[in-house]
Amino acid sequence: MTSAMPQDMSSRISDDHRDTAIERLQEAFAQGYINQEEMDERLQMALTAKTHGDLVPVLEALPDKDTGPTVEIEARGGRIQRGSGWRVPRAFKIESEFGKVELDLSQAIIEHPVIDIELRLEYGRARIVLPRDATVDYEELNAEWKQPVYKARRRSITGGPHIRISGAMGYGRLKLRHRGR
């Protein structure tokens, strides 16, 4: 199965990409997010799009497709661990009172351009290994004791998933790093 990660903006798109964009427009119109005039304008842009960059203004500010249920992983103590080859859900919540959380997203199967992770760590700690081309945002994470440690890449590599981390950590600690760092 191919990953649904963002593509190089100048790469050409297929009819399937255009059809997916049109479906998103139709859903947004049916749910009242865009009016008829905006639908017509964006539809014309989608039908004539040749590159991924051409589709950006078409899909801009539309609500995300149904993300499905949030996967919940809980442990009072012990270890929560996900290694290579696991399928990453679009949204998941991890709760650990005393345990250790280790997530390796770098060799996981990621089918969504945005992944939402909600961490609830009381005394435990978490380590997340990010794909080389991923971006990360953890501003919505409330860390009471120690701030997250993030080892950013020296050179920016784009095109990967965007990881959004939220939640709360009492005396827990979060370490983030990219694969190969």
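Heads up: the structure comes first, above all this text.
This one's a predicted model, so the numbers in the text were calculated from it and none came from an experiment.

1. Observations regarding the sheet that holds strand β5 (residues 100–104)
Strand order in the open sheet formed by five strands is β2-β5-β8-β12-β10, with parallel pairing between adjacent strands. For this open sheet the edge positions go to β2 (79–82) and β10 (149–151), each flanked by a neighbour on one side alone. Between one strand and the next, the sheet's axes are offset by a mean angle of 5 degrees, whatever the strand orientation. Looking at chain direction, β2 and β5 are connected through four bridges and run parallel. Bridging from a neighbouring strand, R79 pairs with K100 of β5.

2. Some thoughts on the sheet that holds strand β1 (residues 71–75)
Pairing is parallel across the open sheet formed by five strands, whose spatial order is β1-β4-β7-β11-β9. The two strands at the open ends of the sheet, each matched to only one other strand, are β1 and β9 (135–143). The mean angle between the axes of side-by-side strands here comes to 15 degrees, regardless of whether they run parallel or antiparallel. In this sheet, strand β7 (residues 114–121) lies alongside strand β4 (residues 91–96) in parallel orientation, the contact comprising six bridges. Directly across from F92, in β7, lies its bridge partner I117.

3. Describing the side chain of H178
When you line up the elements, H178 lands in strand β12 (residues 173–178). Here Y150 takes part through its side chain, which lies 2.7 Å from a polar atom of the side chain of H178.

4. Some thoughts on the packing of helix α2 (residues 36–48) against helix α3 (residues 52–59)
Interaxial distance between α2 and α3 falls to 9 Å at its minimum, and their mutual angle equals 165 degrees. The orientation of α2 with respect to α3, classified from their angle, is roughly antiparallel. Between α2 and α3 lies a crossing whose hand is left-handed. Counting all contacts with α2, which are made through R42, M45 and A46, the residues of α3 involved are L55, P57, V58 and L59. Its residues placed into classes, the contact of α2 with α3 shows six nonpolar, no polar and one charged.

5. Thoughts on the nonpolar core
I117 and I165 are the most contacted members of the largest nonpolar core, which has 27 residues in total. Per-element tally for this core: the top contributor is β7, with four residues. If near-sequence neighbours (up to four positions away) are discounted, I117 is found in contact with F92, L103, L105, I128, I163, R164, I165 and S166. Listed in part, the 12 residues of the second largest apolar core include I22, A28, I34 and V58.

Parameters at a glance
- Residues numbered from 1 in each chain as written.
- Predicted model: local features only at pLDDT ≥ 70, side-chain atom pairs only at ≥ 80, totals over all residues.
- Heavy atoms only, no water.
- Pairing = 2+ DSSP bridges.
- Helix = DSSP H or I, 4+ residues; strand = E, 2+ residues; numbered from the N terminus.
- Axes fitted to C-alpha atoms, helices over the stretch in contact; angles between N-to-C directions.
- Polar contact = N/O pair within 3.5 Å; in protein donor to acceptor, adjacent residues only side chain to side chain.
- Parallel < 35°, antiparallel > 145°, perpendicular 65-115°, else oblique.
- Left-handed = near helix turned anticlockwise from the far one by under 90°.
- Contact = heavy atoms within 4.5 Å.
- Nonpolar A, V, L, I, M, F, W, Y, C, P; charged D, E, K, R; others polar.
- Core = buried A, V, L, I, M, F, W, Y, C linked by side-chain atoms within 4.5 Å.
- Buried < 20%, exposed > 50% of the residue type's maximum accessible area, 1.4 Å probe, protein only.

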